[in-house]
Amino acid sequence: MRIAVGSTNPTKVKAVENVMRRIYGDVEVFGVEVDSGVSDQPIGLEETTRGAVNRAKQALEKTGADLGVGIEAGIYPFPKTLTGYLDIQVCAVASPDGMITVGHGPGFEYPPVVIEKVLNEGVEVGIAMGELVDDPELKKKIGAIGVLSKGLLPRTELNEIAVLMAMIPRLNRELYFEKE
């Protein structure tokens, strides 16, 4: 089975590989550069989800793989938080039959200075967080979540949760797609 990831970010490709190997066994997972069709810093669940779906569809179309996977991180308004926003990873999985399944991982909050830069200066959270901790390559490594969780949850593992959630309907076809 060939699985194309709509990104060359190593944390996203590895997350997809880790989950798909647990589900399907021996798989070939590879990243491909695509355009998400959304802003560099998606804001809101709708825009973040659209980016994930666009990535999955384009990965499938560009490669002819068995599955296309898109992962998009974005922030969205959330009540009772310090900044008013949480970050979330949305995953979409597309197959040649046109089916798209979607899931997301847990949400977490960025420091207020990061959200202020995003909202006031249009800076991507990964860049703002990288500047804050003096690591411009942060999002390709443990990610902001790795820093903020003190290493307890690296970005790859955070993405794995979103990938698994998007696979739930595919793992339970009889419950989701049974004909009446």
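Residues numbered from 1 in each chain as written. Predicted model: local features only at pLDDT ≥ 70, side-chain atom pairs only at ≥ 80, totals over all residues. Heavy atoms only, no water.

Some remarks on the side chain of Asp 87
Spelled out, the test is: Helix numbers and strand numbers start at the N terminus; a helix is a DSSP run of H or I with at least 4 residues, a strand a run of E with at least 2. Between buried and exposed lies partly exposed: a residue is buried under 20% and exposed over 50% of the maximum accessible area for its type, with that area taken using a 1.4 Å probe on protein chains only. For the purpose of counting charges, residues Lys and Arg are taken to be positive, whereas Asp and Glu are taken to be negative. His and the chain ends are not included. Whenever Lys or Arg places a side-chain nitrogen within 4 Å of a carboxyl oxygen from Asp or Glu, that contact is recorded as a salt bridge. Any N or O atom pair separated by 3.5 Å or less is treated as a polar contact, with the protein-specific requirement of one donor-capable and one acceptor-capable atom, and with residues adjacent in sequence counted only for side-chain atom pairs.
Residue position: Asp 87 is located in strand β4 (residues 85-94). This buried residue, Asp 87, is left without a salt bridge; Arg 155 holds the nearest opposite charge, at 7.3 Å. A polar side-chain atom of Asp 87 sits 3.4 Å from a polar atom in the side chain of Tyr 110.

Looking at the nonpolar core
Note the following rule: Joining through side-chain atoms within 4.5 Å is the link that ties buried Ala, Val, Leu, Ile, Met, Phe, Trp, Tyr and Cys residues into a set, and such a set is a nonpolar core. Contacts between residues were defined by any pair of non-hydrogen atoms, one from each residue, lying within 4.5 Å.
Residues Ile 3, Val 16, Met 20, Val 69 and Cys 91 are the most contacted members of the largest nonpolar core, which totals 17 residues. Counting only elements with at least two residues in this core, the list comes to β1 (2-5), α1 (10-24), β3 (67-77), β4 and α6 (155-171). Residues within four places of Met 20 in sequence aside, it is in contact with Ile 3, Gly 25, Val 27, Leu 67, Val 69, Val 163 and Met 167. With 15 residues, the next largest nonpolar core counts Val 114, Val 123, Met 129 and Leu 158 among its residues.

With respect to the sheet that holds strand β5 (residues 100-104)
How we decide: Pairing between strands is defined by DSSP: at least two bridges between them are needed. Only the stretch in contact is used when fitting a helix axis, every axis being a line fitted to C-alpha atoms; angles between N-to-C directions are given from 0 to 180 degrees.
Strands sit in the order β2-β1-β3-β4-β5 across an open sheet of five strands; the sheet is mixed. A strand with exactly one partner marks an edge of an open sheet, and here the two such strands are β2 (28-31) and β5. Here the average twist between neighbouring strands, direction ignored, is 25°. Examined bridge by bridge, β3 and β4 share 10 bridges and lie antiparallel to one another. Looking at the pairing, Ile 71 lines up with Cys 91 of β4.

Description of the environment of Asn 159
Structurally, the position occupied by Asn 159 is in helix α6. Sequence separation between Asn 159 and Lys 140 is 19 residues; the distance between their C-alpha atoms is 12 Å. Other than its neighbours up to four places away in sequence, Asn 159 contacts Thr 11, Lys 12, Ala 15, Ile 71 and Gln 89.

Points about a nonpolar patch on the surface
Stated formally: The patches reported here contain residues having more than 30% relative accessible area and no salt bridge. Joining distances are 9 Å for like charges and 5 Å for nonpolar side chains (Val, Leu, Ile, Met, Phe, Trp, Tyr). Computed with the Shrake-Rupley method and a 1.4 Å probe, the accessible areas treat only the protein chains shown as cover for residues.
Residues Ile 161, Leu 164, Met 165 and Leu 171 make up a contiguous nonpolar surface patch of about 280 Å² in total accessible area. By the secondary structure assignment, Met 165 is in helix α6. Owing to a relative accessible area of 33%, Met 165 belongs among the partly exposed residues under this scheme.

Focus: helix α3 (residues 112-121)
Each α-helix winds once per 3.6 residues, and so residues spaced three or four apart point in a common direction. Going by this rule: Note that the arc is defined by the directions from the helix axis to the C-beta atoms.
The set of residues buried in α3 consists of Val 114, Ile 115 and Val 118. The arc that holds every buried residue of α3, seen down its axis, measures 95°, which confines them to one face. For α3, the exposed residues lying more than 90 degrees away from the buried face are Asn 120 and Glu 121. If you follow the buried residues of α3, they end up packed against β3, β4 and α4 (125-132). Looking one or two places after α3, you find Gly 122, whose phi comes out positive at around 70°.

A short note on the pattern of salt bridges
Going through the model one piece at a time under the given rule, you end up with seven salt bridges. Ionic pairing is found between Glu 17 and Arg 21, a salt bridge with its closest N-O pair at 2.9 Å. Of this pair, Glu 17 and Arg 21 both sit in helix α1, four residues apart, which is roughly one turn of the helix. Looking at Glu 17, the relative accessible area reads 18%, which means it is buried.

Remarks on unusual backbone geometry
Residue Lys 80 is not a glycine yet carries a positive backbone phi of 70°. The topology assignment puts Lys 80 in the loop between β3 and β4. A positive phi angle, near 55°, is found at Lys 150, a position not held by glycine. Position of Lys 150 relative to the elements: it lies in the loop between α5 (143-148) and α6.

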